[in-house]
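Each chain is listed here by its residues.
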Amino acid sequence: MSSFKDYAIASEILKAIDEMGFTEPSEIQAQALPVLLDYTGDFIGQAQTGTGKTAAFGIPLLQKLDKTSKDVQAIILAPTRELAIQISEELKRLSKFKHLKILPIYGGQDIGVQIRAIKQGVQIVVGTPGRVVDHLHRQTLNLSKIQNFILDEADEMLDMGFLEEIEEILSNVGPQRSIWLFSATLSREIRTIADRFMSEPEEIRIQRKTATTEKTEELYYTVRRHNKFEALCRLIDHTRDMYGIIFCQTKSDTAEIAEKLVQKGFKAEALHGDMSQAQREHVMRKFKSKGLRLLVATDVAARGIDVNDLTHVINYSLPQESESYIHRIGRTGRAGKTGIAITLVSPEEQYKLRRLEGTTRKKIIKSNIPTLEEIMESTIDRTIGEFEDALSNPKGFDRYFSRVDPILKKYSAEQIAQGFVTLLCREILEKYEDDKELNVPDNFGQSSSRHPGKRDQMIELSINVGQRDNLQTGTLIGRICNIAGIEGRKIGRVFIQDDRTTFKIDPEVADVVIRKLNGVKICGKPVTVQHNDPRFKNLRTMMHKKRSDRKPSYKH
Ligand code: ADP
Ligand code: MG
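Draft legend 1. Structural detail: the overall build of the protein chain. Check the secondary structure of the protein chain and you find 22 helices and 20 strands. Considering the protein chain as a whole, with its 556 residues, one finds that 51% of them fall into the buried category. Counting contacts in the protein chain only where the partners sit at least 6 residues apart, residues at least 24 apart contribute 77% of the total. When the accessible surface of the protein chain is summed, it comes to about 27,600 Å², and 49% of that surface belongs to carbon and sulfur atoms.

Structure, rendered in structure tokens:
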């Protein structure tokens, strides 16, 4: 086990780290610190969300800056105001004994206030790209003395369309600066920025088998679209002390779901971009202090949220991009804690799950929405626990105890307990009206067991794009589905080699896949499809034959 003391970190910063309760450096910290402490070159650091990238650059940055100079010596760009605030908070805590002046600047806050704060002298600016550009245009922020330029969560900034702003800011900074870029993923666009603005960056990538954290259990539930809300309520009712974020696609969805949850008796609130900054901060504070346990949010609104002990992340609807999924579920299972990520999918959306699994390289496990019976059982168990807890701590409620005397005289202990259970169960029945089955059987993933032999009949195709072009399984499956208009379950094993990729495909769609895929660009490269399967020439005859000798039990 390593310790922060093993690195050349100044004692004033070590003391702050200690007060923050960090005992051991995370992997990215352990690898980045020796490089970045006392380093003036460029740097790229990649590690998944929640692994402590802020301190990985924060510690060396704070150590290096001169507290006697009033110039802005470092700028950190972050995708959202929440993140900018969060990073500046973490840096302030780290510099508790070094007293550097750190200022977050972001849209939505009065620019006059920011201008005055800058004038008073700040050494580190943490800003969102849009607002920083605004200051540059007004000439209220001088970046000529910048020594360190940090792009944090670079992938999210690019996702949010900040490329132009980033380029503009970078070209305003003198050549003496070093650029450090941190990101959960390294895309082609990030490489382009690196190539244009950085010189021979040191690179540290924390490789992992899966793109998501091991500490997060990923589950999915297949339910019809119109049953999703009831499924959500059941899951919340069944879980003890859920503390989580429910992700929706649109702002209006978040408002609607939050309102319906409140009607059902859950304490939930929405967080979305149409709310004022003050409203958002109010909701965030309540959520962080756990006064509010369910937050219903869009991806953009939830970007900045740093809450470490979320028990659940719920995908009420699937995100458009696999990257969003990774970011969403990165909000749980953080800082060594375990978490559960739940995805509700409708049968039509299931192919998207496979695409996700392709990207994250981790299986999402099928699970079942609890029946009312199961919810009653868990509620009774939970209440017994709370009951015992209450008895051990009656907190001055004893003056009400005599009100139950009539019951005590009339009924036995057993009857009283039975009445108590009945009330609990009734409450659940009233909430749900009827115990309908919400789970829908899957139509993918098990095809090999349900249709024995089908997978073996798959045809192998290969294309001239591979690892070298940064091709990923998820991207390939997604592109094939889109281009050929087929479902993900028609695609079998994908094997990415250095310069080519082979994949299996259902013979029924092999023809259309070959036709549509030939010539299109994947990862910027025109695709040539090859098929080595001798059966392919006689595909139609083969399919015809197979159909006629299918067993009667074979249903499609
Ligand atoms: P990332 O930027 O990689 O998503 P953050 O820098 O936001 O991750 O860190 C996630 C959380 O982990 C923060 O609350 C941070 O304070 C905490 N953290 C960072 N480093 C450590 C450490 N070495 N030990 C314990 N907690 C840490
Ligand atoms: Mg971060």
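Back to the write-up after that little detour.
Draft legend 2. Fine view of the sheet that holds strand β1 (residues 43-46). Strand order across the open sheet formed by 7 strands is β3-β4-β2-β5-β6-β1-β7, with parallel pairing between neighbours. This sheet does not close on itself; its edge strands, each paired only once, are β3 (102-105) and β7 (202-205). Mean inter-strand twist for the sheet, computed between neighbouring axes without regard to direction, equals 15°. Here 4 bridges tie strand β2 (residues 74-77) to strand β5 (residues 148-151), and the two strands are oriented parallel to one another. Residue Ile 75 lies in a different strand from β5, and its bridge partner there is Phe 149. Strands in contact with helix α3 (residues 53-64) are β2, β3, β4 (124-127), β5 and β6 (178-183); relative to β6, the strand with the most contacts, it is inclined by about 160°.

Draft legend 3. Focus on the site of ligand 1. Near ligand 1, the surroundings consist of 18 residues, among which Glu 24, Gln 29, Gly 50, Lys 53 and Thr 54 are the closest. With respect to ligand 1, the backbone of Glu 24 contributes an N or O atom lying 2.9 Å from a nitrogen atom. About the coverage of ligand 1: the protein hides 88% of its 570 Å² of free accessible area. Grouping the amino acids of the shell around ligand 1 by side-chain chemistry returns 3 nonpolar, 9 polar and 6 charged. In terms of domain composition, the shell around ligand 1 takes at least three residues from each of domain 1 (4-205) and domain 2 (216-369).

Draft legend 4. Helix α10 (residues 228-238), seen in detail. Of all 11 residues in α10, 10 are buried; the element is thus mostly enclosed. If you check which residues of α10 are buried, you get Lys 228, Phe 229, Glu 230, Ala 231, Leu 232, Cys 233, Arg 234, Leu 235, Ile 236 and Asp 237.

Draft legend 5. How the structure looks around the pairing of strand β17 (residues 501-505). A large share of β17 lies buried, amounting to 4 of its 5 residues. Note that strand β15 (residues 459-463) and β17 share 5 bridges and pair antiparallel. The partner of Leu 461 across the bridge, within β17, is Phe 503. Of the pairings in the sheet, the one linking strand β16 (residues 491-496) to β17 comprises 4 bridges and is antiparallel in character. For Phe 495, the partnering residue across the bridge sits in β17 and is Thr 502. Counting the residues in the hairpin turn of β16 and β17 gives 4 residues.

Draft legend 6. Structural context of helix α9 (residues 188-197). Among all positions of α9, only Ile 190, Ile 193, Ala 194 and Phe 197 are buried. Down the axis, α9 shows its buried residues gathered within 100° of arc, on one side only. Of the residues in α9, the exposed ones pointing more than 90 degrees away from the buried face are Asp 195 and Arg 196. For α9, the secondary structure elements touched by its buried residues are β1, α7 (154-159), α8 (163-171) and β6.

Draft legend 7. Main features of the packing of helix α5 (residues 111-119) against helix α6 (residues 129-137). Running from N to C, α5 and α6 point in directions that differ by 70°, and their axes come no closer than 12 Å. Considering their axes alone, α5 and α6 lie roughly perpendicular with respect to each other. Here the hand of the crossing between α5 and α6 comes out right-handed. Only Arg 131, Asp 134 and His 135 of α6 make contact with α5, whose side of the interface consists of Ile 111, Gln 114, Ile 115 and Ile 118. Class assignment for the residues of the contact of α5 with α6 results in 3 nonpolar, 2 polar and 2 charged.

Draft legend 8. Structural view of the sheet that holds strand β13 (residues 339-345). Here 7 strands make up an open sheet; going across it, the order is β10-β11-β9-β12-β13-β8-β14 and the pairing parallel. A single partner strand is all that each edge strand has here, and the edge strands are β10 (268-271) and β14 (365-366). When strand β9 (residues 244-247) meets strand β12 (residues 312-315), the two strands line up parallel, connected through 4 bridges. By the bridge assignment for β12, Phe 247 is matched with Asn 315. Against the sheet, helix α14 (residues 322-329) makes contact with β8 (216-222), β9, β12 and β13, and its axis sits at roughly 155° relative to β12, the strand it touches most.

Draft legend 9. Representation of the packing of aromatic side chains within the structure. The final tally for this structure, using the stated rule, is 4 aromatic pairs. Between Phe 43 and Phe 182, the aromatic rings sit 5.6 Å apart at their centres with planes inclined by 40°, giving tilted as the arrangement. Taken together, the positions of Phe 43 in strand β1 and Phe 182 in strand β6 put the pair 139 residues apart, joining distant regions of the chain. Note on Phe 43: relative accessible area 0%, which makes it buried. Pairing Phe 57 with Phe 182 gives two aromatic rings, centres 5.3 Å apart and planes at 50°, and the pair type is tilted. Note that Phe 57 is positioned in helix α3 and Phe 182 in strand β6, a separation of 125 residues in sequence. This pair shows no difference in class: Phe 57 is buried, exactly as Phe 182 is. Here the aromatic cluster, defined as three or more aromatic residues joined through ring pairs, consists of Phe 43, Phe 57 and Phe 182.

Draft legend 10. A look at the pairing of β12. Burial along β12 is two-sided: the face carrying His 312 and Ile 314 and the face carrying Val 313 and Asn 315 are both buried. In this sheet, β13 lies alongside β12 in parallel orientation, the contact comprising 4 bridges. For Val 313, the partnering residue across the bridge sits in β13 and is Ala 341.

Draft legend 11. Representation of the packing of helix α2 (residues 27-36) against α3. The geometry of α2 relative to α3 is characterised by a closest axis approach of 8 Å and an angle of 25° between their N-to-C directions. By the angle between their axes, α2 is roughly parallel relative to α3. Relative to α3, α2 is oriented so that their crossing is right-handed. Here α2 contributes Ile 28, Gln 29, Ala 32, Leu 33 and Leu 36 to the contact with α3, which in turn contributes Lys 53, Ala 55, Ala 56, Phe 57, Ile 59, Pro 60 and Lys 64.

Draft legend 12. Quick look at the pattern of salt bridges. Taken as a whole and assessed by the stated rule, the structure comprises 23 salt bridges. Linking Glu 460 and Lys 504 is a salt bridge whose minimum nitrogen-to-oxygen distance equals 3.9 Å. Of this pair, Glu 460 sits in strand β15 while Lys 504 sits in strand β17, and the two are 44 residues apart along the sequence. Judged by relative accessible area, which is 32%, Glu 460 ranks as partly exposed. Taking the relative accessible area as the measure of exposure, Lys 504 reaches 30% and is therefore partly exposed.

Quick notes on the rules
Residues numbered from 1 in each chain as written. Chains lettered and ligands numbered in written order. Predicted model: local features only at pLDDT ≥ 70, side-chain atom pairs only at ≥ 80, totals over all residues. Heavy atoms only, no water. Helix = DSSP H or I, 4+ residues; strand = E, 2+ residues; numbered from the N terminus. Buried < 20%, exposed > 50% of the residue type's maximum accessible area, 1.4 Å probe, protein only. Contact = heavy atoms within 4.5 Å. Areas by Shrake-Rupley, 256 points an atom, 1.4 Å probe, with all protein chains shown as cover. Pairing = 2+ DSSP bridges. Axes fitted to C-alpha atoms, helices over the stretch in contact; angles between N-to-C directions. Near = heavy atom within 4 Å. Polar contact = N/O pair within 3.5 Å; in protein donor to acceptor, adjacent residues only side chain to side chain. Nonpolar A, V, L, I, M, F, W, Y, C, P; charged D, E, K, R; others polar. Domains from an automatic or database assignment. Arc of directions from axis to C-beta. Parallel < 35°, antiparallel > 145°, perpendicular 65-115°, else oblique. Left-handed = near helix turned anticlockwise from the far one by under 90°. Phe/Tyr/Trp six-rings, centres within 6.5 Å; stacked < 30°, edge-to-face > 60°. Salt bridge = Lys/Arg side-chain N within 4 Å of Asp/Glu carboxyl O.

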